Amino acid sequence: RGVTLAHLIDARLIAPGHGAVSTTYNDVVHHADVLPDGYVAWDGREFASVSAFSLAVKRKTNPGRKADDGWKCVSYMGTPLDRLKRRYEEESKAGSSRGDGQENLSATETMGPAVAAAAAREIAAKTAAAKLREESRPKPPPRRRGVNRALMMTALPGADGVNGDLQMVECEVYDDDERAQPWRLSATPEASFLMDFHSHLCRHEIIGFLGGTWDPRTKCLTVKRALPARRLVLGAPGENANVEVELDPESVPDIVEALDRDGLRVVGWYHSHPVFSTHPSLRDIENQSNYQRLFRDDEAKGGGTPFVGAIVGPYATTNKDLSSDVRWFHVAP
Ligand SMILES: [Zn+2]
């Protein structure tokens, strides 16, 4: 991703403020505000980039204009922005060569508050847009919902690979022709957004529970809430800390109680694989099997619920945009 005004704010090269940036077009100077997350406010609208702002200025008199490079024609307090951007790039290059061995900084520390706020705004806007699309679309017939999302495990390779139980296992997707998915899954935009946002906050793994409902009649599991949980770091510091994650059992009672108050129950768990593939590791599969067994035991008491796992990949280089890659899985009996 490219440099934005949020990066310059975090690097203290510019500061948010009223009328802080300006651009001149056809001899007229247009001033705009820089917001704390680096968005530009002008003429009652807010722009995610300087180029979007300068394009809007030009379109006012020249509506056919297709594109613009705001870095070249917008100034901050009289200094051309491209000069400040170059300084930012030089400083961050110098900074990153100094920063070796600092692998475990959290994303919020390395991102800076303005960049984090801009990312949060972008995710929130996307989620709102997705929700709007969802609401305006005619409801699909209920039996198709979420069918392709749960994944099935078949034979597990032995745990004696080079990476032991941290080895990733490729999931198989349910296929109605080959083997039908045993139950249906749907997730609310709120739950999806929270998992996504929580995962974006850290460069190490995060973990949480999923709350929702199970309808045994329609065989539909609905994930309605995501609840971040505390985690225990396994192993010595620095040693596999990025791939091993286990729940802190002390955070569980609060979560169960919070769900109970809303008439929901625990229906799954989620955790992140910050930059690597969202396939489960052997340890993830073992945890997932244990959870499933726990909830089948519950079935004996007349309340059996499927249990789903979600693996969220916020910073994988293969992601198409800021949204996380999310893989839903369970262990096939
Ligand atoms: Zn994992």
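Heads up: the structure comes first, above all this text.
Rules and cut-offs
- Residues numbered from 1 in each chain as written.
- Predicted model: local features only at pLDDT ≥ 70, side-chain atom pairs only at ≥ 80, totals over all residues.
- Heavy atoms only, no water.
- Helix = DSSP H or I, 4+ residues; strand = E, 2+ residues; numbered from the N terminus.
- Salt bridge = Lys/Arg side-chain N within 4 Å of Asp/Glu carboxyl O.
- Buried < 20%, exposed > 50% of the residue type's maximum accessible area, 1.4 Å probe, protein only.
- Pairing = 2+ DSSP bridges.
- Polar contact = N/O pair within 3.5 Å; in protein donor to acceptor, adjacent residues only side chain to side chain.
- Contact = heavy atoms within 4.5 Å.
- Phe/Tyr/Trp six-rings, centres within 6.5 Å; stacked < 30°, edge-to-face > 60°.
- Donors = N, O, S within 2.8 Å, 3.2 Å for Na, K, Ca; no water.
- Tetrahedral: all angles 85-135°; square planar, octahedral: opposite > 155°, others 65-115°.
- Axes fitted to C-alpha atoms, helices over the stretch in contact; angles between N-to-C directions.

All right, on to unusual backbone geometry then. Its identity as a non-glycine residue notwithstanding, Asp43 has a phi of 60 degrees, on the positive side. Along the chain, the position of Asp43 falls in the loop between strand 3 (40–42) and strand 4 (45–47). One non-glycine residue, Met77, lies in positive phi territory at about 45 degrees. Here Met77 shows up in the loop between strand 5 (74–76) and strand 6 (79–80).

A pair can form between side chains of opposite charge whenever their charged atoms are brought close. Tallied over the entire structure, the rule returns seven salt bridges. When the shortest N-O distance is used, the salt bridge between Asp68 and Lys58 registers 3.0 Å. Placement of Asp68 in the loop between helix 2 (50–61) and helix 3 (70–73) and of Lys58 in helix 2 is noted, with a sequence separation of ten residues between them. Looking at Asp68, the relative accessible area reads 16%, which means it is buried.

Right, let's talk about the sheet that holds strand 6 for a bit. Strands sit in the order 4-3-2-1-5-6 across an open sheet of six strands; the sheet is antiparallel. Each edge of the sheet is formed by a strand with only one pairing partner; in this case those strands are strand 4 and strand 6. With three bridges joining them, strand 1 (residues 17–25) and strand 5 adopt antiparallel strand pairing. Opposite Thr23, over in strand 5, you have Val74 as the bridge partner.

Glancing now at the side chain of His7. Following the sequence through the fold, His7 ends up in helix 1 (residues 5–10). In this structure the side chain of His7 is engaged in a polar contact, spanning 2.9 Å, whose partner is the backbone nitrogen of Thr4. In contact with His7, not counting residues within four places along its chain, are Gly2, Tyr88 and Val115.

Turning to the packing of aromatic side chains, a few remarks are in order. Enumeration according to the criterion identifies six aromatic pairs in this entry. Taking 5.7 Å as the distance between ring centres and 20 degrees as the angle between the ring planes, the aromatic pair formed by Phe193 and Phe197 counts as stacked. Of this pair, Phe193 and Phe197 both sit in helix 7 (residues 189–200), four residues apart, which is roughly one turn of the helix. For Phe193, a relative accessible area of 24% puts it in the partly exposed group. Taking the relative accessible area as the measure of exposure, Phe197 reaches 29% and is therefore partly exposed. Consider the rings of Trp269 and Tyr291, whose centres lie 5.4 Å apart with planes at 50 degrees: the pair is tilted.

Moving on, we come to the coordination of the zinc ion. Looking at the metal site, the zinc ion is ligated by His271 (NE2), His273 (NE2), Asp284 (OD) and Asp284 (OD), spaced 2.0 to 2.7 Å from it. Around the zinc ion, the four donor atoms sit at angles spanning 53 to 156 degrees, and that spread fits a shape best called irregular. Positions of the donor residues of the zinc ion along the chain correspond to the pattern H-x1-H-x10-D. Of the two residues, His271 sits in strand 14 (residues 265–272) while Asp284 sits in helix 9 (residues 282–300), which places them 13 residues apart along the sequence. Grouping residues by exposure puts His271 and Asp284 together as buried.

A separate point is the sheet that holds strand 14. Ordered by their spatial adjacency, six strands build an open sheet running 9-11-10-14-15-16, and the pairing between neighbours is mixed. On the outer flanks of this sheet lie strand 9 (184–187) and strand 16 (325–329), each paired with one strand and no other. Taking each pair of neighbouring strands and ignoring which way they run, the sheet shows an average axis angle of 30 degrees. Across nine bridges, the pairing between strand 10 (residues 207–215) and strand 11 (residues 220–229) is antiparallel. Bridging across to strand 11, Gly211 finds its partner in Arg225. In the packing of helix 7 onto the sheet, the strands contacted are strand 9, strand 10, strand 11, strand 14, strand 15 (308–313) and strand 16, and the crossing angle to strand 11 comes to about 35 degrees. Set on the sheet, helix 8 (residues 252–261) makes contact with strand 10, strand 11 and strand 14; between it and strand 11 the angle comes to about 135 degrees.

This brings us to the side chain of Gln292. Mapped onto the secondary structure, Gln292 falls in helix 9. Discounting residues that sit within four places of it in the chain, Gln292 has contacts with Phe307, His330 and Val331.

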